[in-house]
Amino acid sequence: MESDAGIPEKPTRRLSLSALGDFRILGEYLRPHRGRFTAAIVASSVSMAFGLLFPFLAGFLIDAAVPSAKTTAAGGPALTVGGTALLLTLTLAVQAVLMFFSSYWFQQAGECTVVRLRETLYRHLISLPMEFFGKHRVGELTSRLSTDLSLIHDLLIHVTPQIIRQTALLVGGAVIITLTSFRLSLVMVGSFPVLVLVAILFGKRIRKASRLAQDQLAESTTTVVETLQGIVNVKAFSNEGFESGRYGGQLRDYLATALRSARLRAALISFVILGIIGSLVLVLWYGARLMQTGELSAGEMARFVFCTMFVGGAVSSFAEVFSLLQRTLGATERVRELLNEPQEPELTATPDSPRLRGEVELRDLSFRYPSRPDLPVLQGITMKAHAGEKIALVGPSGAGKSTLVSLLLRFYEPESGELLFDNRPASAYTLGETRSCMALVPQEVLLFGGSIRDNIAYGRPGASEEEILEAARRANCHEFASRLPEGYDTLVGERGVQLSGGQRQRVAIARALLRDPAILILDEATSSLDSESESLIQQALATLLEGRTSFIIAHRLSTIRNADRIYVLEGGRIAESGTHAELTARPEGVYRRLHDLQVDPGQ
Ligand code: ATP
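Residue numbers restart at each chain and count upward from 1, following the sequence in its written direction. In keeping with the model being predicted, local features are shown solely for residues with a pLDDT of at least 70 and side-chain atom pairs are shown and tallied solely at 80 or more, while totals for entire chains, interfaces and linings include all residues. Hydrogens and waters are ignored; side-chain quantities use all the structure's heavy atoms.

Student: Before we move on, can you summarise the overall build of the protein with the specific residues and values?
Tutor: A run of DSSP states H or I qualifies as a helix once it reaches four residues; a run of E qualifies as a strand once it reaches two. Both are numbered from the N-terminal end. The number of helices and strands found in the protein is 21 helices and 12 strands. Its C-alpha atoms give the protein a radius of gyration of 35 Å, more than 25% over the compact-globule value 25 Å for 603 residues. Once the C-alpha set of the protein is aligned to its principal axes, its extents read approximately 120 × 45 × 45 Å. We call a residue buried when its accessible area falls under 20% of the maximum for its residue type, exposed when it is over 50%, and partly exposed in between, using a 1.4 Å probe and counting protein chains only. Per-residue burial for the protein yields a buried fraction of 45% across its 603 residues. Should any heavy atoms of two residues lie within 4.5 Å, those residues are counted as being in contact. Within the protein, contacts between residues at least 6 apart in sequence are counted, and of these 78% link residues at least 24 apart. Residue burial considers only the protein chains on display, and all accessible areas are found by Shrake-Rupley using a 1.4 Å probe. Carbon and sulfur atoms make up 60% of the accessible area of the protein, which amounts to about 30,600 Å² in all. Think of it this way: Lys and Arg go in the positive column, Asp and Glu in the negative one, and His and the chain ends go nowhere. A charge is said to be at NZ when it belongs to Lys, at CZ for Arg, at CG for Asp and at CD for Glu. One way to put it: in the protein the 61 positive side-chain charges average out to a point 9 Å from where the 61 negative ones average out. Throughout, the radius of gyration refers to the C-alpha atoms, and the reference size of a globule is 2.2 Å times the residue count to the power 0.38.

In structure tokens:
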């Protein structure tokens with residue numbers, strides 16, 4: 001189910017047996033560490049058994065010190081004070097050692113599982129087709145990698161041990177109290193149903209409120225991520241106030257829900273405490289009467305009270321565990337959905353993949369975006385580029401130029417028609433094979449947080465230092481990079497803010513040169529640069545274009561005068577094609593009109 005913004009709605013599934021099956025996916029990731037996990041479960045259960053020896057022995061200790069009617073009748077206490085104290089110390093020591101191992105093993109298995117899941121999820125995410133990224137927001141996807149996996153992390157590391165420990169205490173405690181005094185335990189158990197009923201009713205409302213609060217917080221996080229990503233726009237439009245207001249509004253909504261949930265929780269806690277202490281008072285009163293009649297010794301009474309506390313604690317902690325399980329179920333479901341999204345096939349090229357010569361042909365190709373099936377974006381496109389030719393794509397905004405190059409990069413499948421590389425249909429090659437022979441120099445160059453060297457090497461990870469420097473020299477990067485105090489080691493910000501637009505473009509050209517592609521796609525920058533940077537870029541581009549098939553989305557017609565062929569797109573169709581001279585010679589042509597509209601600095 002999806003909302004308008006494309007965010008899948010948070011599932012509100014109940015915790016049922018079939019829903020629990022969703023945790024199976026965790027089982028798959030846990031499998032390599034199952035030895036550790038099982039050992040942790042065993043250690044934890046045994047340690048709890050030792051924990052239960054505590055109230056048991058404490059009872060003996062008290063009976064050894066305080067003779068009561070029952071012990072006297074039985075001929076004195078079973079153990080001495082010193083002996084019991086020694087046993088108590090020993091059990092505590094064993095319990096501590098077991099706790100160490102169970103806690104460490106749980107964490108070890110949990111951390112390893114979540115790291116593997118995180119890694120797989122990320123690898124899967126970036127291998128998903130472009131169509132997927134058109135439908136989902138970045139904030140939502142990052143939240144899956146952080147929030148949902150944190151919940152799964154908590155489940156494995158905190159909740160599971162908690163369930164095991166509390167179950168052991170509950171079962172063991174119940175056995176001990178029943179054996180100690182059956183009648184007293186009936187009194188205690190009798191007071192439980194009311195408590196449990198109230199806890200369930202409250203729990204339901206608390207869960208609803210906290211789920212809403214969670215969603216509201218996630219929504220506000222998306223706002224933060226989006227504004228920070230588009231900080232340039234926020235500042236340029238002086239919309240800091242507007243964004244703060246929007247975020248503040250979302251936070252206030254969250255706060256109102258969170259406080260409502262807090263009030264319910266507080267009421268539940270005070271009721272539970274009242275209930276537990278109340279039933280304890282009842283137990284104490286009845287126990288005292290049994291002691292008076294000699295049916296219960298002081299030690300048994302103490303043992304009973306200790307165990308009641310264990311059992312009560314375990315029961316109340318299950319409410320918390322239950323709500324955590326339910327939240328994690330939502331997270332697991334979202335992660336599973338993401339992992340079930342079909343990936344793009346065969347993204348990596350092998351060393352013996354065929355190397356394209358660079359011939360590209362489009363035959364009667366039509367396309368519409370899967371997200372907008374009513375809008376034909378490209379219709380009947382036929383064009384051919386021989387190896388090494390320079391093809392220019394021009395046309396008004398929205399004509400379909402970027403879409404056309406997305407199809408060349410095989411980000412999407414055409415709806416009809418054919419795309420051929422070296423006279424063979426694109427489908428004869430894997431995605432990795434065609435993409436590895438292509439390079440893209442985009443309009444807006446995104447530099448990754450890292451050094452200039454890292455950013456150039458991105459064109460071909462694993463390239464040698466000499467190759468990187470050679471590419472940098474040919475792209476005219478060397479002159480500015482070597483002048484920086486730290487040279488190629490200079491770090492560029494998340495979006496390369498410390499470099500000018502022209503410098504960023506030269507880094508992108510160096511990146512493409514290093515890749516040495518047969519086919520080059522160049523989305524010409526629209527921003528105008530000063531003439532010196534412009535000529536440095538033109539020089540670098542000339543080097544880059546040499547001997548490669550290139551598709552240039554041209555915004556300034558002056559730069560494509562010597563293209564081998566110009567295709568003019570209009571409304572998703574090829575309106576006309578030819579060389580610059582041929583097209584300008586047509587008095588009524590679209591190209592001629594665009595040409596006349598532009599103030600051509602070359603004239
Ligand atoms: P510009 O010069 O402004 O970049 P363009 O010629 O490159 O424009 P495209 O970006 O290819 O044009 O867009 C062509 C049409 O496809 C437009 O109507 C646009 O709204 C639509 N479009 C572009 N990208 C998508 C997308 N991811 N999903 C749906 N529709 C899209």
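Now that the structure is up, let's keep going.
Student: A description of the sheet that holds strand 12 (residues 573-578) should follow, citing residues and the corresponding values.
Tutor: Think of it this way: DSSP has to see at least two bridges between two strands before they count as a pair. Within the open sheet, the six strands sit side by side as 6-9-10-3-11-12. Their pairing is mixed. Unpaired on one side and paired on the other, strand 6 (438-441) and strand 12 mark the two borders of the sheet. The mean angle between the axes of side-by-side strands here comes to 20 degrees, regardless of whether they run parallel or antiparallel. Across five bridges, strand 11 (residues 565-570) lies against strand 12 in antiparallel orientation. Across the sheet, the residue bridging to Ile566 is Gly578, located in strand 12. All axes here are fitted lines through C-alpha atoms, helices being fitted over the stretch that makes contact, and every angle between N-to-C directions spans 0 to 180 degrees.

Student: Would you mind going over the sheet that holds strand 4 (residues 416-421) in detail, with residue names and values included?
Tutor: Read across the sheet, four strands follow the order 2-1-4-5 without closing on themselves; strand pairing throughout is antiparallel. Looking at which strands have only one partner, the edges of the open sheet turn out to be strand 2 (378-385) and strand 5 (424-425). Summarising the sheet, strand 4 and strand 5 pair through two bridges and their orientation is antiparallel. Across the sheet, the residue bridging to Phe421 is Arg424, located in strand 5. Helix 13 (residues 401-408) rests against strand 1 (360-367), strand 2 and strand 4 of the sheet, and its axis sits at about 120 degrees to strand 1.

Student: Explain the nonpolar core to me, using residue names and the numbers behind them.
Tutor: Within soluble globular proteins, side chains that are nonpolar tend to cluster in buried spots. One finds Ile456, Ile509, Ile560 and Ile566 to be the most contacted residues of the largest nonpolar core, which totals 45 residues. Ranked by residues supplied to this core, first place goes to helix 18 (residues 501-515) with seven residues. Core analysis: the next-biggest nonpolar cluster, separate from the first, contains 32 residues, Met383, Leu404, Leu408 and Ile521 among them. Residues grouped as a nonpolar core are buried Ala, Val, Leu, Ile, Met, Phe, Trp, Tyr and Cys residues, joined through side-chain atoms within 4.5 Å.

Spatial relationships are all this shows, so hold off on functional conclusions.
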